[in-house]
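Structure assessment
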Amino acid sequence: MAQPASAQPEAAPTSVPPVLTYRSALEGYRPFADEKAIPWKEANETVYRRGGWQAYAKEASGTGSAESESPKGAAAAPAAQPGHSMPMPAKKEKP
């Protein structure tokens, strides 16, 4: 259905439109700078001194600091997560 024409004519806009400014998305761009890699043996020794991959895993999980644990040497089994324990199946005896 057609809409009836408005009884009042549209008024001319009296406000001044806002001034638009251009800001490039690449304004703060910094080109890639390749970092100097350290020798792999040195990187491996650093990881070993810090406690190995377990220290990095603890740090990422937020469960404790790697500094409080002794570095590699005391091989402890990982702690079971609460609610994730599963009984071992019963062993069948061989006849």
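Data block above holds the structure.
Our subject in this report is the structure included herewith. (Residues numbered from 1 in each chain as written. Predicted model: local features only at pLDDT ≥ 70, side-chain atom pairs only at ≥ 80, totals over all residues. Heavy atoms only, no water.)

Secondary structure summary: the protein contains 2 helices and 0 strands in total. The buried share of the protein, taken over its 95 residues, is 4%. Taken as a whole, the protein presents about 10500 Å² of accessible surface, with 59% of it coming from carbon and sulfur. (Helix = DSSP H or I, 4+ residues; strand = E, 2+ residues; numbered from the N terminus. Buried < 20%, exposed > 50% of the residue type's maximum accessible area, 1.4 Å probe, protein only. Areas by Shrake-Rupley, 256 points an atom, 1.4 Å probe, with all protein chains shown as cover.)

To continue, consider the pattern of salt bridges. Under the defined criterion, the tally for this structure stands at 1 salt bridge. The residue Glu27 makes a salt bridge to Arg23 at a minimum N-O spacing of 3.5 Å. Taking relative accessible area as the criterion, Glu27 reaches 54% and is therefore assigned exposed. (Salt bridge = Lys/Arg side-chain N within 4 Å of Asp/Glu carboxyl O.)

This paragraph deals with the environment of Arg23. Here Arg23 shows up in the segment before α1 (40-49). Its relative accessible area of 65% is what places Arg23 among the exposed residues. At 3.5 Å, the side chain of Arg23 forms a polar contact with the side chain of Glu27. (Polar contact = N/O pair within 3.5 Å; in protein donor to acceptor, adjacent residues only side chain to side chain.)

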